[in-house]
Amino acid sequence: MEQSLSDLVIERVGFGIFVLDRSMKVLMWNRFMQDNSGMAAEQVVGKSIFDSFPELPRVWLTRKVESVFQLGSFAFSSWEQRPYLFKFDHDRPITGGVDFMQQDCTFMPLTRGREVVAVCVTISDVTHVSVMQREREEAVVKLREYANRDGLTGIANRRFFEARLRDEFSRWQRYGGELSVLLFDLDHFKDINDRFGHAVGDTVLRVMAQRVADAVRAQDIFGRFGGEEFALLLPCTPLADAMVVAEKIRTTICDTPVEAEGMRVPVTASVGGAAARAGLPGYEVLINEADAALYSAKRQGRNRSVALA
Amino acid sequence: MRETALTEDQRDALQEIANLAMGQAATRLASLLDTFIELSVPRVRVVRVEDAARTLRDMTGIDEPVIAVRQGFRSDIKGEALVICRSSGVGNLCALVNDPYVHSAYESVSQAELMFDVANVLTGACVSCIMNQLDRTPIFSAPGLLGEKLALEDVFQADVLAWRTALLLEVNFSLEDKTFRAHLIMLMAEDSIRRMNEALNAILSSL
């Protein structure tokens, strides 16, 4: 018997089409379903779909189909909530973690008059959409991380540092405790740039940032504040302890000259420290006080750490 | 606006149709969900989209963030249906369709999936019944989330929605034990409202 045009379309079309009756018996099964499941229409039609595919979610699928019979309306399933109904292979060799073909399903009532006689299920392959979404999510995570990092040194940038300082400061305002900040600055950095060139200056900044990052505790936030100025936020730390850290940073920096482009560049740093105390109106004032202490360390001859008196 | 507004007769006819449709929808929902859901007498208004949020606020008294799920429907009359519910009431809403899974530990269902299911069921039942009364068999598109914590105004951003006129059809769904409210709104372009006017005229003249 010659197939009708509709039959030919249903056979060839690029998505799955099959029909179920109210007892979940398969009435129709197209080529897409056959090719992807490895089960031909002759094997599947006339039997319960769960006989051929026992791994299908029985409660869920029965309920979907029953809702279409009862309401005479559509039902849907999206890959975003339920990645797939059938465990079909996808045709993308490299998909970074997508195990099976991602599927959007539509359950349509087939009606004669007002009566729903069967439910037609369509399966669309949306693997490409899910892969794109995954790539976009990864890109967003990466962008967010870059937005928080200083390009030259790889440590936190000023924006991120200030955001964390703001959080820690409001926590301190609410719960009390201790909170200290250190600001430090490489001494005569302009001279290093002038004598050895900017490439060496950049290497000095990178190496210093790395040394200090390795020396501080995991819970402290270390960031580049701008130019040759760096900041360290020490939650739950009184000023006296912070100044011990300040000395550790200072010696870490000045003990070993930086090797850059065959030259040994001696570097020292001045450090200023301040701690949150009652009456401070905002985190900006804490920074200002650390800055004043840093200024006083410079005035006293550099290569030293000074706490706000 | 003038030409898409409903005449008094058309409005009465639409109200009558909506009443009949909600009766049908309630019966179908009850047998599907195995619990009796009370549907309020629907309130029908035709408003400009920019007035929709204010009108709906007046009708429902909602002053909190809402969750909104949208779904397209089409025949020669086509449009968009929104299910809106207070964000704090999502749990109750989902409990409507959750029951069968209590006994099926390994077939877990996410809250997002439940929410789409329940929105789809409410939209499907109500919109299908109204369209059937107008002698149409609608085709639906998959539900999509507009947002989980939106102000009503953000649901009806005139520059985001394709529609300038909204047929507000406001229905409360409530349960015997836990009362919660969800609201269904149908949005249509002028063209579809005109077609609906014609369909209503045909019904009126056949009386």
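Figured I'd write up the structure that's included with this text.

1. What to know about the overall build of chain A
Piece 1. Along its length, chain A carries 11 helices and 12 strands.
Piece 2. Scaling as 2.2 N^0.38, a compact globule of 309 residues should have a C-alpha radius of gyration of about 19 Å, whereas chain A reaches 33 Å, well beyond that.
Piece 3. By principal-axis analysis of the C-alpha atoms, chain A measures approximately 100 × 50 × 30 Å.
Piece 4. Put simply, 58% of the contacts in chain A that link residues at least 6 apart link residues at least 24 apart.

2. Describing helix H4 (residues 111–133) of chain B
Residue and element names in this part refer to chain B.
Piece 1. Between its first and last C-alpha, H4 extends 33 Å over 23 residues, near the 33 Å set by a 1.5 Å rise per residue.
Piece 2. Of all 23 residues that make up H4, 18 are buried, and the element is covered over most of its length.
Piece 3. Count one or two residues on from H4 and you reach aspartate 135, which has phi positive near 65°.

3. Focus on the environment of B:Ala30
Residues and elements named next belong to chain B.
Piece 1. With respect to the helices and strands, alanine 30 occurs in helix H1 (residues 8–33).
Piece 2. C-beta crowding within 10 Å serves as the criterion here: with 15 such atoms nearby, alanine 30 is assigned to the partly exposed category.
Piece 3. Not counting the four nearest positions on each side in its chain, alanine 30 is found in contact with Thr35, Phe36 and Ile37.

4. Observations concerning the sheet that holds strand S6 (residues 179–186) of chain A
Residues and elements named next belong to chain A.
Piece 1. Spatially, 5 strands are ordered S7-S8-S6-S11-S12 in an open sheet, and the strand pairing comes out mixed. If you trace the sheet from one side to the other, it starts and ends with strand S7 (221–226) and strand S12 (305–307), each paired once. The average undirected angle you get between the axes of adjacent strands in this sheet is 20°.
Piece 2. Two strands pair when backbone bridges link them, and S6 and strand S11 (residues 269–275) are joined in this way by 7 bridges, in the antiparallel orientation. What sits directly across from leucine 186, in S11, is alanine 269.

5. Looking at the interface of chain A and chain B
Piece 1. Across the boundary between the two partners, chain A contributes 18 residues, which contact 21 residues of chain B.
Piece 2. Elements that contribute at least two residues to the side of chain A that touches chain B include exactly helix H5 (58–71), strand S3 (75–77) and strand S4 (103–112) of chain A.
Piece 3. Here the element with the most residues in the side of chain A that touches chain B is H5(A); it accounts for 6 residues.
Piece 4. Tallied by class, the residues present in the side of chain A that touches chain B amount to 7 nonpolar, 8 polar and 3 charged.

6. Quick word on unusual backbone geometry
The phi torsion of most residues other than glycine is negative, and most of the peptide bonds are trans.
Residues and elements named next belong to chain A.
Piece 1. For histidine 188, which is not glycine, the phi dihedral falls at a positive 50°.
Piece 2. In this structure histidine 188 comes out as partly exposed when scored by C-beta crowding, with 14 C-beta atoms within 10 Å.
Piece 3. One non-glycine residue, glutamate 261, lies in the positive phi region at around 50°.
Piece 4. By secondary structure assignment, the location of glutamate 261 is in the loop between strand S9 (258–260) and strand S10 (263–265).

7. Re the sheet that holds S3(A)
All names here are of chain A.
Piece 1. Taken in spatial order, the 5 strands make up an open sheet running S2-S1-S5-S4-S3, and their pairing is antiparallel. The open sheet has two free edges, formed respectively by strand S2 (26–29) and S3, since each of these has just one partner strand. The average undirected angle you get between the axes of adjacent strands in this sheet is 20°.
Piece 2. Strand contacts of H5: strand S1 (16–20), S3, S4 and strand S5 (115–125), with the helix running at about 135° to S5, the strand carrying the most contacts.

8. Some words on the pairing of S11(A)
Residues and elements named next belong to chain A.
Piece 1. In terms of burial, S11 is a largely internal element, 7 of the 7 residues being buried.
Piece 2. Side chains Ala269, Val271, Gly273 and Ala275 project from S11 onto one buried face, and the interleaved Ser270, Gly272 and Ala274 project onto a second face that is buried too.
Piece 3. For S11 and S12, the ladder comprises 3 bridges, and the chain directions are parallel. Directly across from valine 271, in S12, lies its bridge partner serine 305.
Piece 4. Where the polypeptide runs from S11 across helix H11 (residues 283–299) and back to S12, its parallel neighbour, the crossover connection is left-handed.

Calculation rules
Counting restarts for each chain: residues are numbered from 1 in the order of the written sequence. Here every chain gets a letter starting at A, and every ligand a number starting at 1, in the order they are written. This being a predicted model, a pLDDT of at least 70 is required before a residue's local features are given, and a value of 80 or more before pairs of side-chain atoms are given or counted; all residues contribute to the totals for chains, interfaces and linings. Runs of H or I in DSSP of at least four residues are treated as helices and runs of E of at least two as strands, each being numbered from the N terminus. The quantity called the radius of gyration is restricted to C-alpha atoms. Its globule counterpart is 2.2 Å times the number of residues to the power 0.38. With C-beta atoms placed from the backbone, a contact is any residue pair whose C-beta atoms sit within 7 Å. Take the number of residues in a helix, subtract one, and multiply by 1.5 Å to get its expected span. Three classes are used. A residue is buried when 20 or more other C-beta atoms lie within 10 Å of its own, exposed when 12 or fewer do, and partly exposed in between, with C-beta atoms placed from the backbone. Note: two strands are recorded as paired if DSSP finds a minimum of 2 bridges between them. Each axis is a line fitted through C-alpha atoms, taken for helices only over the stretch in contact, and angles between the N-to-C directions span 0 to 180 degrees. Any residue outside Ala, Val, Leu, Ile, Met, Phe, Trp, Tyr, Cys, Pro, Asp, Glu, Lys and Arg is labelled polar, Gly included; the first ten of those are nonpolar and the last four are charged. When the strands point away from the viewer and the path from the first strand over the helix to the second turns clockwise, the crossover is right-handed.

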